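Single-letter residue listing:
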Amino acid sequence: MGGTKEARQGIEAERKLIEYFSNNKNALASCAQKLNIKLPNSFIVVKPSNRVKCDLMIKGEFTICISVKTVTDASFHQLDRRWLSDWQKILNMPEDIYEVLLDSILRKAKDPKAVFILPKDRDKISKFIKDNLSVILKEIFIRDEDDLKILIIWNKRNNVLCMFNIQDVISFFIKQPISFSNEGIIKIGKYITIQRKGGNGSRIKKPKTDPTHPGNQLQFKFKPLEFMNEARKSMINCCLSIT
């Protein structure tokens, strides 16, 4: 799904969910209770400002935030993108790991058909990610927004919306194996990938092999629909039919 279409779909979904939950506060409160999340006694649902991960805010004597993923098919959605240098600081990344990832990003920039992580580097990349997985997952799902407690995945094809406690989601992925696709894309379980962002837009003046080209960010992608279908079988969840 294209980024612009995905963004438009997300904005429209947020507007509809604010309207729905404003008119169905009991349903939201009941789901939160099922997920073991305490809500304010009296609250409104709003679109927050100056937030990165929080899409909807339950606002009362304290705040609870919700991340919303709206899907129409089994495609990947962007979870996070930022510069490799940012991850270097966050994870205290050793220089050899940084160089492998940077070389992989620039190799893909030069040749989109190239392998991302080379076979010779996969063991140490896998170990580094596994050793830092709890920090990575917190960053890509929550960042520093500690009031973000709920993940909503809304399947627009059948209008079924499922809520999960975001800590349960993180706990799920912490247990998943690190592997690589045939193209060398890093996989966290079956539903999250790590790769070069890509998108070498003609409006960007820099050559795509320039490390500061926006396409050379590290991108985390997520398959929300497939995750939801599995998670409903094994995790506490609360699903609603939105009409």
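Located above this text is the structure these notes cover.
Numbers given to residues run from 1 along each chain, matching the order in which its sequence is written. Where local features are concerned, this predicted model is filtered to residues with pLDDT of at least 70; where side-chain atom pairs are given and counted, the filter is 80 or more; whole-chain, interface and lining totals use all residues. Hydrogens and water molecules were not included; the side-chain quantities draw on all heavy atoms of the structure.

Peer 1: Whenever I open this one, the overall build of the protein chain confuses me. Can you help?
Peer 2: Here a strand is any run of E in DSSP of at least two residues, a helix any run of H or I of at least four, and the numbering for each starts at the N terminus. Each helix and strand counted, the protein chain has eight helices and 11 strands in total. On C-alpha atoms alone, the protein chain measures out to a radius of gyration of 19 Å, which is about the 18 Å that the 2.2 N^0.38 rule sets for 243 residues. In terms of overall dimensions, the protein chain has C-alpha extents of about 55 × 40 × 35 Å along its principal axes. The contact definition used throughout considers only heavy atoms, calling two residues in contact when any of these lie within 4.5 Å. For the protein chain, restricting intrachain contacts to residue pairs at least 6 apart in sequence, the fraction spanning at least 24 positions comes to 64%. As displayed, the protein chain has an accessible area near 12,200 Å², and 48% of this comes from carbon and sulfur atoms. When charges are tallied, Lys and Arg are placed among the positive residues and Asp and Glu among the negative ones, while His and the ends of the chain are skipped. Working definition for charges: the position is that of NZ of Lys, CZ of Arg, CG of Asp or CD of Glu. Of the charged side chains in the protein chain, 42 are positive and 27 negative; the average position of the first set lies 5 Å away from that of the second. Each radius of gyration is computed over the set of C-alpha atoms, and the globule rule expresses the reference value as 2.2 Å times the number of residues to the power 0.38. Every accessible area reported is derived by Shrake-Rupley at a probe size of 1.4 Å, with residue values counting cover from the shown protein chains alone.

Peer 1: Please explain the sheet that holds strand β3 (residues 63-71) as it appears in this structure.
Peer 2: By definition, the strands of a sheet pair up through backbone hydrogen bonds, in either a parallel or an antiparallel sense. In this analysis, strands are considered paired if DSSP registers two or more bridges between them. Pairing within the open sheet is mixed, and its six strands lie in the order β1-β2-β3-β5-β6-β11. Strands at the two margins of the open sheet, each flanked by one partner only, are β1 (44-46) and β11 (238-241). Going from strand to strand, the sheet's axes swing by 25° on average, the running direction of each strand aside. As paired elements, β3 and strand β5 (residues 148-155) share seven bridges and run parallel to each other. Each bridged residue has a counterpart across the sheet, and for Cys65 the counterpart in β5 is Leu148. Axes, fitted as lines to C-alpha atoms, cover a helix only where it is in contact. Angles between the N-to-C directions of the axes lie from 0 to 180 degrees.

Peer 1: What is the right way to look at the packing of aromatic side chains in this model?
Peer 2: Given two aromatic rings, one states the distance between the centres and the angle between the planes to describe the pair. Aromatic contacts are taken between Phe, Tyr and Trp rings whose centres are within 6.5 Å, Trp giving its six-membered ring; a plane angle under 30 degrees counts as stacked, one over 60 as edge-to-face, and the others as tilted. Per the counting criterion, the structure on display carries 11 aromatic pairs. Geometrically, the ring pair formed by Phe141 and Phe173 is stacked, given 6.1 Å between the ring centres and 25° between the ring planes. Placement of the pair is Phe141 in helix α6 (residues 133-141) and Phe173 in helix α7 (residues 166-174), with a sequence separation of 32 residues. Of the two residues, Phe141 and Phe173, both sit in the buried class. Ring centres of Phe172 and Phe173 lie 5.1 Å apart, and the angle between their planes is 90°; this geometry places the pair in the edge-to-face category. Accessibility expressed as a relative area gives 13% for Phe172, which makes it buried. Note on classification: 1.4 Å probe, protein chains only; a residue is buried when its accessible area is under 20% of the maximum for its type, exposed when over 50%, partly exposed between these limits. Phe173 gets classed as buried once you look at its relative accessible area, which sits at 0%.

Peer 1: Would you explain the state of the cysteines in this entry?
Peer 2: In a disulfide, the sulfur atoms of two cysteines are held together by a covalent bond. Here, a disulfide means two cysteine sulfur atoms that sit within 2.5 Å of each other. Under the defined criterion, the tally for this structure stands at three disulfides. Two residues, Cys31 and Cys238, share a disulfide whose sulfurs are 2.0 Å apart. Here the disulfide of Cys31 and Cys238 is left-handed, its torsion about the S-S bond being about -55°. Of this pair, Cys31 sits in helix α2 (residues 25-34) while Cys238 is found in strand β11, placing the two residues 207 residues apart along the sequence. Judged by its relative accessible area of 9%, Cys238 is buried. In this model Cys162 forms its disulfide with Cys239; the gap between the sulfur atoms is 2.0 Å. Disulfide Cys162 to Cys239: torsion about the S-S bond roughly 105°, handedness right-handed. Taken as a pair, Cys162 in strand β6 (residues 160-165) and Cys239 in strand β11 lie far apart in primary sequence, 77 residues in all. Listing the disulfide partners of the protein chain by sequence rank of the bonded cysteines yields 1-5, 2-3, 4-6.

Peer 1: I would appreciate a short explanation of α2 in the present structure.
Peer 2: Every α-helix winds through 3.6 residues per turn, so residues three or four apart in the chain are directed the same way. What α2 keeps buried is the set Leu28, Cys31 and Ala32. For α2, the angular spread of buried residues about the axis comes to 100°, placing them on one side. With respect to the buried face of α2, the exposed residues turned more than 90 degrees away are Asn26, Gln33 and Lys34. Phi for Asn36, located one or two positions after α2, is positive at around 70°. Think of it as the arc spanned by the lines of direction from the helix axis to the C-beta atoms.

Peer 1: Please clarify how the side chain of Ser181 should be interpreted in this entry.
Peer 2: Topologically, Ser181 is positioned in the loop between β7 (178-180) and β8 (186-188). Overall, the relative accessible area of 15% leaves Ser181 in the buried class. Apart from the residues lying within four places of it in its own chain, the contact partners of Ser181 are Arg122 and Lys187.

Peer 1: Quick question: what am I supposed to make of the pairing of β11 here?
Peer 2: Consecutive side chains along a regular strand alternate between the two faces of the sheet. Burial of β11 is one-sided: the residues Cys238 and Leu240 facing one way are buried, the residues Cys239 and Ser241 facing the other way are not. Pairing analysis gives four bridges linking β6 to β11, with the strands arranged antiparallel. Across the sheet, residue Met163 finds its bridge partner in β11, namely Cys238.

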